[in-house]
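The primary structure of each chain is shown beneath.
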Amino acid sequence: MTQHALQLSRLAASRVGAVFPTIGADEGTLWLLDEEKEELVPVWNSGPHAEEFVGKHRQPLSAGLISVVCLTEQALCENEVYRHAGQDPTLDRRLGVLTCSMMAVPLRAGGELRGVVSCVKLKKRTGDPDPSGFSQSDLGALQAAVAQAGEDFP
Amino acid sequence: MSGWPSPERVVEAMAAGTGAGVRVAVLDSGIEISHPDFSGRKLRDDCVVAEDGTLSAITGDGSDAYGHGTAVAGMIWKIAPEAEIGSFRVLGAKLGARTAAVALAAQKAVDLGYHVLNCSFACGLAAHLPIYKEWLDRAYLAGAHVVAASDAVSQPEWPAHFPQVIGVSSAGTGIPGEMQRVARGLVEIAAPTENALLPWKGGGHRVLTGSSFAAAKVSGLVARILSAEPGLDALQLKALLRRAASAAG
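Residues numbered from 1 in each chain as written. Chains lettered and ligands numbered in written order. Predicted model: local features only at pLDDT ≥ 70, side-chain atom pairs only at ≥ 80, totals over all residues. Heavy atoms only, no water.

Colleague: Sorry, what's going on with the overall build of chain A here?
Modeller: Looking only at helices and strands, chain A features five helices and six strands. Listed N to C, the secondary structure of chain A is α-β-β-α-β-α-β-α-β-β-α in terms of helices and strands. Here chain A has a C-alpha radius of gyration of 15 Å; the compact-globule value for 154 residues is 15 Å, and the two agree. Summarising its shape, the C-alpha atoms of chain A cover approximately 45 × 30 × 25 Å along the three principal directions. Buried residues in chain A amount to 55% of all 154 residues. For chain A, the exposed surface amounts to about 6,700 Å²; the carbon and sulfur share of it is 51%. With 14 positive and 20 negative side-chain charges, chain A shows a spacing of 4 Å between the two charge centroids. (Helix = DSSP H or I, 4+ residues; strand = E, 2+ residues; numbered from the N terminus. Rg over C-alpha atoms; globule rule 2.2 N^0.38 Å. Buried < 20%, exposed > 50% of the residue type's maximum accessible area, 1.4 Å probe, protein only. Areas by Shrake-Rupley, 256 points an atom, 1.4 Å probe, with all protein chains shown as cover. Lys, Arg positive; Asp, Glu negative; His and termini not counted. Charge placed at Lys NZ, Arg CZ, Asp CG, Glu CD.)

Structural data, given as structure tokens:
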């Protein structure tokens, strides 16, 4: 990841980060493709656990919902995440949260896929009610912000 | 086919058709045919595009690398339960090989006589446009119908942005109806599918929203129409679909 790309990603993150509170997202992440286009690397996260995985975690494109968004270049929203079989609970367990909803949107610049922006709604304490899921209109708002962010890239 | 069916007839076919006799190729991440939702079903074909650089279509093992193709197939069978689905795995970890894999699989599907090609993915790279054009033209000449997802807000993406393709977004117009006409750009159909409970890899389910599943829904509706009105060519069906979508709204 070049220094230039990182600087631009911070600028893009500020654009995307502004939309999270308006759609009720607890936190979000900007993932960029590595140069080999084999892994997604988190370069920015808006939540309290950012230091635990930004720069430390790498998501191979061989698994995961964020990889699906990368491969299809289509936005995706999943609600009731933790209730369904097949959800990998590893990261939630590590951070002590339950992911209830997530959205992920491909980030393109000049038509080329550069990464993915994801955001989540969390259940922070056992016994808390589940937050309402993301809606189609939330997905549209995130897509518009990410499209704008794509214009910050070279 | 002699003459055109009326838009009303197409709306009837969308409501009552089953997809019987219609073959739908799902170009995706594979289909987990052992999923409980697919009990008693078989894939018509199961092809995987090898990622070893030779790009040869090999026989699949009824599995899905991610779950996305399983969800797409689940949506198509939900709408058109008697459609025959074939799996063509083109989505894998090697992102750089995707466009070539799609071209190979699409040609294979056309050669095998599929009526509908569902593409719940997109590519925004202008450099890949000629590759998409080549196989889309072949599909068009063979009489196949291509349905493609697109949620691009401001940039073109393929295959959805070709005029002979039925481009589908999930962002509805607010008008009630299973399918709505979007009067802007080349993606002319919206099929809201908010919070669809769909099968996923590993025998599970997920509650999903997105254009991938909107396209699958429209592929199912196209299969319904073709089961009642076989022989419609790509442009006829698209024109009728636009009018039916407006009528539905």
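Colleague: Even after reading the chapter, I still don't get the environment of Leu241(B), so can you show me in this structure?
Modeller: Residues and elements named next belong to chain B. Secondary-structure assignment places Leu241 in helix H6 (residues 234-248). Counting along the chain gives 17 residues from Leu241 to Arg224, while the straight-line C-alpha distance between them is 12 Å. If we ignore the near neighbours within four places in the chain, the residues touching Leu241 are Met14, Ile166, Met179, Ile189, Val218, Val222 and Ile225. (Contact = heavy atoms within 4.5 Å.)

Colleague: Explain helix H1 (residues 7-16) of chain B here, please?
Modeller: Helical geometry: 3.6 residues make up each α-helical turn, so side chains three or four residues apart lie on a common side. Residue and element names in this part refer to chain B. For H1, the complete set of buried residues consists of Pro7, Val10, Ala13 and Met14. Seen from one end, H1 has its buried residues packed into an arc of 115°, which puts them on one side. Exposed side chains of H1 directed beyond 90 degrees from the buried face belong to Glu8, Ala15 and Ala16. (Arc of directions from axis to C-beta.)

Colleague: Teacher, can you tell me more about the packing of H1(B) against helix H5 (residues 211-228) of chain B here?
Modeller: Working note: a packed helix pair is described by the angle between its axes plus the distance between those axes. Residue and element names in this part refer to chain B. For the pair H1 and H5, the least separation of the axes is 8 Å and the interaxial angle reads 110°. Here H5 runs roughly perpendicular to H1, going by the angle between their axes. The hand of the H1/H5 crossing is right-handed. From H1, Arg9, Val10, Ala13, Met14 and Ala15 reach across to H5, where they touch Leu221, Arg224, Ile225 and Ala228. Per-class residue counts for the contact of H1 with H5 are seven nonpolar, no polar and two charged. (Axes fitted to C-alpha atoms, helices over the stretch in contact; angles between N-to-C directions. Parallel < 35°, antiparallel > 145°, perpendicular 65-115°, else oblique. Left-handed = near helix turned anticlockwise from the far one by under 90°. Nonpolar A, V, L, I, M, F, W, Y, C, P; charged D, E, K, R; others polar.)

Colleague: Where do I start with the environment of Met102(A) in this structure?
Modeller: All names here are of chain A. Tracing the backbone shows Met102 in strand S5 (residues 98-109). Overall, the relative accessible area of 12% leaves Met102 in the buried class. Once residues within four sequence positions are removed from consideration, Met102 is found in contact with Leu65, Ile66, Leu76, Cys77, Glu78, Val81, Ser118, Cys119, Val120 and Phe134.

Colleague: Help me understand a nonpolar patch on the surface, please; the structure alone is not making it clear to me.
Modeller: Nonpolar side chains collect at one region of the surface, where Tyr140(B), Leu141(B) and Leu235(B) lie side by side and expose about 320 Å² of accessible area between them. Mapping Tyr140(B) onto the fold places it in helix H4 (residues 129-141). (Patch = residues over 30% accessible without salt bridge, like charges linked within 9 Å, V, L, I, M, F, W, Y side chains within 5 Å. Salt bridge = Lys/Arg side-chain N within 4 Å of Asp/Glu carboxyl O.)

Colleague: Explain the packing of helix H2 (residues 68-79) of chain B against H5(B) here, please?
Modeller: Residue and element names in this part refer to chain B. It is at 8 Å that the axes of H2 and H5 come closest, and there the two elements cross at 35°. The two elements H2 and H5 cross, and the hand of that crossing is right-handed. Facing H2, whose interface residues are His68, Ala71, Val72, Met75, Ile76 and Ile79, H5 presents Ser212, Phe213, Ala216, Lys217, Ser219, Gly220, Leu221 and Arg224. When grouped by side-chain class, the residues that make up the contact of H2 with H5 number eight nonpolar, four polar and two charged.

Colleague: For this particular structure, what's the right way to read the pairing of strand S1 (residues 27-33) of chain A?
Modeller: Residues in a regular strand project their side chains so that they alternate between the two faces of the sheet. Residue and element names in this part refer to chain A. A large share of S1 lies buried, amounting to seven of its seven residues. Here S1 runs beside strand S6 (residues 112-123); their pairing, made up of six bridges, is antiparallel. In the strand pairing of S6, Glu27 is matched with Val120. The pairing of S1 with strand S2 (residues 39-45) spans five bridges and is classified as antiparallel. The residue bridging Trp31 from the neighbouring strand is Pro42, located in S2. Taken together, S1 and the strand that follows it, S2, pair antiparallel across an intervening segment of five residues, in which Lys37 is found at a positive phi of about 55°. (Pairing = 2+ DSSP bridges.)

Colleague: Can you walk me through the interface of chain B and chain A in this structure?
Modeller: Buried accessible area, meaning the area lost when the parts come together, often serves as the stated size of an interface. Across the boundary between the two partners, chain B contributes 39 residues, which contact 36 residues of chain A. Summing both sides of the interface, chain B and chain A together bury roughly 2,900 Å²; the carbon and sulfur share of this comes to 52%. Counting the contacts that link chain B with chain A gives three salt bridges. In this structure, the salt-bridge partner of Glu73(A) is Arg98(B), at a minimum N-O distance of 2.6 Å. There are 17 residue pairs in polar contact (both at pLDDT 80 or more) connecting chain B and chain A. The set of elements that each furnish at least two residues to the side of chain B that touches chain A consists of strand S10 (196-200), strand S11 (204-209) and H5 of chain B. Here the side of chain B that touches chain A takes six residues from S11(B), the largest share from any one element. Bridging between strand S4 (residues 76-79) of chain A and S11(B) involves three bridges; their strand directions are antiparallel. Across the sheet, residue Asn79(A) finds its bridge partner in S11(B), namely Val207(B). (Buried area = accessible area lost by both parts, 1.4 Å probe. Polar contact = N/O pair within 3.5 Å; in protein donor to acceptor, adjacent residues only side chain to side chain.)

Colleague: In this structure, what is going on with H4(B)? I would like to understand it.
Modeller: Residue and element names in this part refer to chain B. The first and last C-alpha atoms of H4 sit 18 Å apart over 13 residues, in line with the 18 Å expected at 1.5 Å per residue. When we look at burial in H4, the residues that qualify are Tyr132, Trp135, Leu136 and Ala139. Buried positions in H4, seen along its axis, are confined to an arc of 100° and lie on one side of it. What points out from H4, more than 90 degrees from its buried face, is the exposed set Pro130 and Leu141. Just downstream of H4, Gly143 is the residue with a positive phi angle, here 85°. (Expected span 1.5 Å × (residues − 1).)

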